[in-house]
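Structural characterization, general
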Amino acid sequence: GGRDWSSACALPISAPAGYGKTTLLADFTAHTELPVCWVRLTDADADLMRLAALLAASLQRRFRRLGAQPDLARLSGSTPAALARAFVEVIDSKIIESFVIAFDDIHLVNRSKPVLEFLDAFFEVQPDQVTVVTAGREVPELSLARLMAGGDLAGLGPHDLAFDAEELAALGRKQLGVELDPPHIQRVLGETRGWITGVLLSGLLLGSAGGEVIPASRLMVYEYLALVVLNRQPDELRRFMLDSSVLPVMTARACNEVLQRIDSDRCLGSLLRSGLFVTATDESPRTYEYHPQFRVFLLEAMAAADPDRLRTLQMRAAAYLTDTAPEHAVDLYLSAGAVRRAAALAEKHARAMYRVARMETLARWADRLRQAGAKIPRVLLALASAATDQGNLDLAEAWLEQAAAALDARASKALRASLENRRGLVAYRRGQHQQALGCAQKAERLLGRQGEAVERAFTLRVWALATAGAKGDLTEAESTLLQAVELLESLLLVAEMEELRANPSLP
């Protein structure tokens, strides 16, 4: 667009799909002398801690001196604002040169309140050496008043990214090696309104300079454009595109495993070189992603043509991602109709997700799995714990009620004790000390002396807090807390011994 934004601290780029936002970022990255930390977002990155991990990894790759900073394990319970300040402190102390952070597909996180709070807080104390570029179909719902008032905010929209007649003529020379006559250029502009994807898939790319342009009414239907692209590929590559679309993020190894192939590296390279709605990272192992709308089209085409194969591939992909990306695996199991497997996986990872503050993921699991009729008490208990930690006791009690309803006759005593413990902690936070003590006593009876050590320690903690509040007996409370500490210390000792047995060479 010819604008000078070199002094801007923030540059939002917003336009509908197909306007070349990612291409613009890639071109900028290739030609700028500034270091660029590129963060490509997916739906899963609406989870704040996952986005923080992606941003930290990008910064650490670009600036090796950062080491393992910021320490996200230590920051896992932080508020979005505190997490943003931690990033700023690391940048200010470790990076002196000017650089760019580029968030691509920012619209995918535009409904996540924690992510928006994090970005708002980052902009509030943004270091002078950083320029943040965001690209997406929507302007991020951020408060940029400070940057706007200081003249530190620039922006690009659809009008800036649309092709004009001069650019279209240059494209004709580069792509077709011909001089397009002005009437032809005006016809293309009239049909496409400068929409880059429309231009590239019109007569300029698919036909000759004098060929027919696809009608604008059909150009604007993305599914039709995707169908044209798909049907123009060789049968083997078309089959690969359809099959590989089950994977949210692709690697050659993942495609080989899930699709039971040996040539995925070659196929992915062919897709990338052909510009077939695929983007790729530079690092090894290389990861690939389809344009989100194109991936939806491929999945819908698979569902219509061969639903059994689609389900088989979704099940394989879910099994492959179970340990490395459970958030995607749960979604894949649900898409395949394997509700029990999805619920079992979510339950297995619920406590771990809570420990690293992946609350948005847990809430999404709860919503989808409850709609599917699954019983997920551990997920609901994790959400209740998070709400309690945040001081939102009404929400915590709502989650606890749902968790209680999800417990059936087969529920273990440890799980029932976990429910009572969390009820007790909420009661204590409300100042209902006798009720909290009663919950701890119920949990103690359920667990007994042989109960799970971590849950027993939790019970003793609630018991101690309630005792101090109800009786004012700090001596008894301290004694109870020391029992909890001893339990946890013994658990840690057992873990260390097991690690030594597994790795006898450790010092």
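Quick notes on the rules
Residues numbered from 1 in each chain as written. Predicted model: local features only at pLDDT ≥ 70, side-chain atom pairs only at ≥ 80, totals over all residues. Heavy atoms only, no water. Helix = DSSP H or I, 4+ residues; strand = E, 2+ residues; numbered from the N terminus. Buried < 20%, exposed > 50% of the residue type's maximum accessible area, 1.4 Å probe, protein only. Contact = heavy atoms within 4.5 Å. Areas by Shrake-Rupley, 256 points an atom, 1.4 Å probe, with all protein chains shown as cover. Core = buried A, V, L, I, M, F, W, Y, C linked by side-chain atoms within 4.5 Å. Phe/Tyr/Trp six-rings, centres within 6.5 Å; stacked < 30°, edge-to-face > 60°. Lys NZ or Arg CZ within 6 Å of the ring centre and 35° of its normal. Expected span 1.5 Å × (residues − 1). Arc of directions from axis to C-beta. Pairing = 2+ DSSP bridges. Bend = angle between axes of the 7 residues up to and from the residue. pLDDT = per-residue confidence, 0-100. Axes fitted to C-alpha atoms, helices over the stretch in contact; angles between N-to-C directions. Parallel < 35°, antiparallel > 145°, perpendicular 65-115°, else oblique. Left-handed = near helix turned anticlockwise from the far one by under 90°. Disulfide = S-S within 2.5 Å. Salt bridge = Lys/Arg side-chain N within 4 Å of Asp/Glu carboxyl O.

The next point concerns the overall build of the protein chain. Helix and strand counts for the protein chain come out as 27 helices and six strands. Burial status across the protein chain gives 48% buried among its 507 residues. In the protein chain, the share of contacts with a sequence separation of at least 24, taken over all contacts with a separation of at least 6, comes to 64%. Of the roughly 25,200 Å² of accessible surface on the protein chain, a fraction of 52% belongs to carbon and sulfur atoms.

Grouped together as the largest cluster of nonpolar side chains are 71 residues, with contacts concentrated most on L247, Y290, L362 and L369. Top contributing element to this core by residue count: helix α22 (residues 377-389), with eight residues. L75, V90, I95 and A357 belong to the second-largest nonpolar core, a separate cluster that totals 40 residues.

Turning to the packing of aromatic side chains, a few remarks are in order. Enumeration according to the criterion identifies two aromatic pairs in this entry. A centroid spacing of 5.0 Å and a plane angle of 70° characterise the contact between F63 and F99, whose relative ring orientation is edge-to-face. Residue F63 is located in the loop between α2 (48-62) and α3 (72-75), and its partner F99 is located in strand β3 (residues 99-104); the two are separated by 36 residues in the primary sequence. Directly above the aromatic system of F458 lies the positively charged group of R422, at a separation of 4.4 Å from the ring centroid.

This part is about helix α21 (residues 359-371). Taking 1.5 Å as the rise per residue, α21 with 13 residues should run 18 Å; its terminal C-alpha atoms sit 18 Å apart, in good agreement. Within α21, burial applies to M359, T361, L362, W365, A366 and L369. All buried residues of α21 lie within an arc of 155° about the axis, which places them on one face of the element. Tucked into the core, α21 has its buried residues touching α19 (326-335), α20 (339-355), α22 and α23 (393-406). Looking at the residues trailing α21, positive phi occurs at G373, about 85°.

Among the five residues that make up strand β2 (residues 36-40), four are buried, leaving the element largely enclosed by the rest of the structure. Sheet topology note: the β2/β3 ladder contains five bridges and is parallel. Note on β3: the bridge partner recorded for W38 is A102.

Take α20 next. If you check α20, its first and last C-alpha atoms are 24 Å apart, about what 17 residues at 1.5 Å a residue would give, namely 24 Å. Of all the bends found along α20, the most pronounced is centred on H349 and spans about 45°. A342, A343, L345, A346, E347, H349, A350 and M353 are the residues of α20 that are buried. At its buried positions, α20 is contacted by α19, α21 and α22. The positive-phi residue at the C-terminal boundary of α20 is A357, with phi of around 65°.

Looking at the protein chain as a whole, its pLDDT mean stands at 83, while 83% of the residues score no less than 70. Ranking the elements of the protein chain by mean pLDDT puts helix α12 (residues 216-219) last with 36 and helix α18 (residues 307-321) first with 98. Confidence drops under pLDDT 50 across residues 204-222; counting only partners more than four residues distant or on other chains, this segment forms 49 contacts.

Further remarks concern the packing of α22 against α23. For the pair α22 and α23, interaxial distance at closest approach is 8 Å and the crossing angle is 165°. As far as their axial angle goes, α23 and α22 are roughly antiparallel. Note on packing geometry: the crossing formed by α22 with α23 is left-handed. Across from P377, L380, L381, L383, A384, A387 and T388 in α22, the residues of α23 making contact are L393, L395, A396, W399, L400, Q402, A403 and A406.

This brings us to the side chain of T251. By secondary structure assignment, the location of T251 is in the loop between α14 (235-244) and α15 (252-259). The residues contacting T251, other than those within four sequence positions of it, are L268, R286 and T287.

So, on to the state of the cysteines. Within this structure, the stated rule accounts for zero disulfides. Free cysteine C267: the closest other cysteine sulfur is in C255, separated by 8.6 Å.

Turning our attention to the sheet that holds β3. Strand order in this open sheet of four strands is β1-β4-β3-β2, and the pairing throughout is parallel. Looking at the sheet topology across the chains shown, the edges are occupied by β1 (10-14) and β2. Here the average twist between neighbouring strands, direction ignored, is 15°.

Another point: the pattern of salt bridges. Pairing between side chains of opposite charge can happen when their charged atoms approach one another. If you walk through the whole model with that rule in mind, you get 23 salt bridges. Among the ionic pairs, E283 bridges to R61, the shortest N-O distance being 4.0 Å. Taken together, the residues span a long stretch of sequence, with E283 in the loop between β5 (278-280) and β6 (288-290) and R61 in helix α2 at a distance of 222 residues. For R410, the salt bridge goes to D408, with nearest N and O atoms at 3.3 Å. Three or more residues are tied together by salt bridges with common partners; here these are D45, D47, R50, E327 and R358.

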